[in-house]
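# A structural walkthrough
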Amino acid sequence: MSARAVDDKMTVKEVIADLRVAPSTFYRWLQLGKAPRSIKLPNGDLRFRRSEYERWLAAREDAA
């Protein structure tokens, strides 16, 4: 994977689709500080670095 692909930005919609969770669940995670770190754009939209999202997912893998 190229460095550009690793640092691509994902929208909330893309993250929700990838996780297959309800929007309400994801927004609750955001409020609780349990979602991946985000970038807030001047218009209020959120973006997620793909590398940060992948790190966040890996941190939640079961060790079993």
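Heads up: the structure comes first, above all this text.
Described in the following lines is the structure provided in the data block.

In this section: the packing of aromatic side chains. Applying the stated criterion across every chain yields a total of five aromatic pairs. Ring centres 6.2 Å apart and planes at 70 degrees place the aromatic pair Phe 26 and Trp 29 in the edge-to-face group. Of this pair, Phe 26 and Trp 29 both sit in helix α3 (residues 23-32), three residues apart, roughly one helical turn. For Phe 26, a relative accessible area of 0% gives the class buried. With relative accessibility at 24%, the residue Trp 29 sits in the partly exposed group. Between Trp 29 and Trp 56, the ring centres sit 6.1 Å apart and the planes meet at 50 degrees, which makes this aromatic pair tilted. One end of the pair, Trp 29, is in helix α3; the other, Trp 56, is in helix α4 (residues 50-58), with 27 residues separating them in the sequence.

As a further point, take helix α2 (residues 12-19). In an α-helix, one turn spans 3.6 residues, which is why side chains three or four residues apart end up on the same side. All of the buried residues in α2 are Val 12, Val 15 and Ile 16. The arc that holds the buried residues of α2, viewed along the axis, is 100 degrees, so those residues lie on one side. With respect to the buried face of α2, the exposed residues turned more than 90 degrees away are Lys 13 and Ala 17. Looking at the buried positions of α2, the neighbouring elements they touch are β1 (9-11), α3, β3 (46-49) and α4. A positive backbone phi angle near 60 degrees is found at Arg 20, which sits one or two residues after α2.

Where burial is concerned, the two faces of β3 differ: the one with Leu 46 and Phe 48 is buried and the one with Arg 47 and Arg 49 is not. The sheet contact formed by β1 and β3 spans three bridges and is antiparallel. Directly across from Lys 9, in β3, lies its bridge partner Arg 49. Taken together, the two bridges between strand β2 (residues 39-40) and β3 define a ladder with antiparallel strand orientation. From the neighbouring strand, Ile 39 faces β3, where its bridge partner is Arg 47. With antiparallel pairing between neighbouring strands as the criterion, β2 and β3 make up a hairpin whose turn holds five residues, including Gly 44 at a positive phi of roughly 95 degrees.

Conventions adopted
Residues numbered from 1 in each chain as written. Predicted model: local features only at pLDDT ≥ 70, side-chain atom pairs only at ≥ 80, totals over all residues. Heavy atoms only, no water. Phe/Tyr/Trp six-rings, centres within 6.5 Å; stacked < 30°, edge-to-face > 60°. Helix = DSSP H or I, 4+ residues; strand = E, 2+ residues; numbered from the N terminus. Buried < 20%, exposed > 50% of the residue type's maximum accessible area, 1.4 Å probe, protein only. Arc of directions from axis to C-beta. Contact = heavy atoms within 4.5 Å. Pairing = 2+ DSSP bridges.

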